[in-house]
Amino acid sequence: QDLNCMAVPQKYRTMSSFYKYYSGELVAPVLTLFVGGNHEAANHLWELYHGGWVAKNIYFLGYGGVVTVKGVRIGGLSGIFKGGDFSQGHWEHPPYTEGSMRSAYHIREYQIWRMSQITSGLDILLTHDWPRGIYRHGDQARLLRSKRFLEEEVRTNTLGNPHTTPLRAGLRAA
């Protein structure tokens, strides 16, 4: 059932290896924190909206959450930006349609607001969707050589989420 809640082409809806961690057959060798993107099973992550353990040593940070690990504050924001869904609440529910399966992983304004309430700072911020303009802080030429399809979005400054950029300001300097 989880495979039918993944917004991926049918050929990718296969049981890979995560079930071995979920069942306890395998254990992650180190603590693994993750955020959701646009190809996870929406029904499963929705059950852990505020975060939680998905397997031994594997923790989902929720749709927007913070944990402290050995004195390091780590925030996570799941999903990708889609302007038309940003100001809506989450209305999606199983059984998902093709449209609701995709909109379920779109970042909402509420998630950004919750993360912006963090006043004590973060050391690390994990996001699935790049903050708008982040490519300016790396090797932009190399990025565009390997991902030519991003050229138009870089040129028009529409690549990434414009609402996560201010959250970077809350990061503590290393």
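Please read all numbers here as calculations on a predicted model, not as lab measurements. All residue numbers refer to positions counted from 1 along the written sequence of the respective chain. It should be noted that, the model being predicted, local features are given only for residues of pLDDT at least 70 and side-chain atom pairs only at 80 or more, the latter also being counted only at that level, while totals for whole chains, interfaces and linings use all residues. Based on all heavy atoms of the structure, the side-chain values leave hydrogens and waters out of the count.

**Student:** Break down the overall build of the protein for me, with residues and values.
**Tutor:** Only DSSP runs of H or I covering at least 4 residues are called helices, and only runs of E covering at least 2 are called strands; the numbering of each starts at the N terminus. Of the regular secondary structure elements, the protein holds 8 helices and 6 strands. Secondary structure elements of the protein, listed N to C terminal, follow the sequence α-β-α-β-β-β-β-α-α-α-β-α-α-α. Within these notes, the globule rule equals 2.2 Å times the number of residues to the 0.38 power, and the radius of gyration is based on C-alpha atoms. Since a compact globule built from 174 residues should have a radius of gyration of about 16 Å, the 17 Å found for the protein is in line with a globular shape. Projected onto its principal axes, the C-alpha coordinates of the protein cover approximately 40 × 40 × 35 Å. Note on classification: 1.4 Å probe, protein chains only; a residue is buried when its accessible area is under 20% of the maximum for its type, exposed when over 50%, partly exposed between these limits. Split into buried and exposed, the 174 residues of the protein put 40% on the buried side. Of the contacts formed within the protein by residues at least 6 apart in sequence, a portion of 66% connects residues at least 24 apart. Throughout, the Shrake-Rupley method with a 1.4 Å probe supplies accessible areas, and for residues the shown protein chains are the sole cover considered. A total accessible area of about 10,400 Å² is found for the protein, and carbon and sulfur atoms account for 55% of it. Asp and Glu count as negative and Lys and Arg as positive, but His and the ends of the chain are not part of the count. To locate a charge, the coordinates of NZ of Lys, CZ of Arg, CG of Asp or CD of Glu are taken. One finds the centroid of the 19 positive side-chain charges in the protein at a distance of 6 Å from the centroid of its 14 negative side-chain charges. Whether two residues are in contact is decided by their heavy atoms, any of which lying within 4.5 Å being enough.

**Student:** Please set out the pairing of strand β5 (residues 72-77) residue by residue, giving values where relevant.
**Tutor:** Taking burial as the measure, the 6 residues of β5 include 5 buried ones, the bulk of the element. Pairing between two strands is assigned when DSSP locates at least 2 bridges connecting them. Of the pairings in the sheet, the one linking strand β4 (residues 64-69) to β5 comprises 6 bridges and is antiparallel in character. Bridging across to β5, Val-66 finds its partner in Gly-75. Counting the residues between successive antiparallel strands, the hairpin from β4 to β5 contains 2 residues, one of them, Lys-70, with a positive phi of roughly 50 degrees. Bridging between β5 and strand β6 (residues 124-127) involves 4 bridges; their strand directions are parallel. In the sheet register, Gly-75 faces β6, and the bridge partner there is Leu-125.

**Student:** Which residues make up the environment of Gly-37, and what values do they have?
**Tutor:** With respect to the helices and strands, Gly-37 occurs in the loop between β1 (32-34) and α2 (42-46). Judged by relative accessible area, which is 6%, Gly-37 ranks as buried. Between the alpha carbons of Gly-37 and Asp-129 there is a distance of 7.6 Å; along the sequence they are 92 residues apart. For Gly-37, the contacting residues outside a window of four places in its chain are Gly-79, Tyr-105 and His-128.

**Student:** For the side chain of Asp-129, give the residues involved together with the corresponding values.
**Tutor:** Within the secondary structure, Asp-129 sits in the loop between β6 and α6 (140-146). For the buried residue Asp-129, which engages in no salt bridge, the nearest side chain bearing the opposite charge is Arg-132, 7.7 Å off. The term polar contact refers here to a pair of N or O atoms within 3.5 Å; inside protein, the definition further demands a hydrogen-donor-capable atom paired with an acceptor-capable atom, and it admits residues adjacent in sequence only when both atoms are side-chain atoms. Within polar-contact distance, the side chain of Asp-129 engages the backbone nitrogen of Phe-81 at 2.7 Å. Once you skip the residues sitting within four places of it in the chain, Asp-129 turns out to touch Gly-79, Ile-80, Phe-81, Gly-160 and Asn-161. Every case where a carboxyl oxygen of Asp or Glu lies within 4 Å of a side-chain nitrogen of Lys or Arg is listed as a salt bridge.

**Student:** Break down the sheet that holds strand β3 (residues 58-60) for me, with residues and values.
**Tutor:** The strand order across the open sheet formed by 3 strands is β1-β3-β2, and the pairing between neighbours is mixed. Lying at the two open borders of the sheet, with one neighbouring strand each, are β1 and β2 (52-55). Here the average twist between neighbouring strands, direction ignored, is 35 degrees. Where β1 lies against β3, 3 bridges are found, and the strand directions are parallel. Paired with Phe-34 across the bridge in β3 is Phe-60. Axis angles are defined between N-to-C directions and span 0 to 180 degrees, where every axis is a line fitted to C-alpha atoms and, for a helix, only to the segment in contact.

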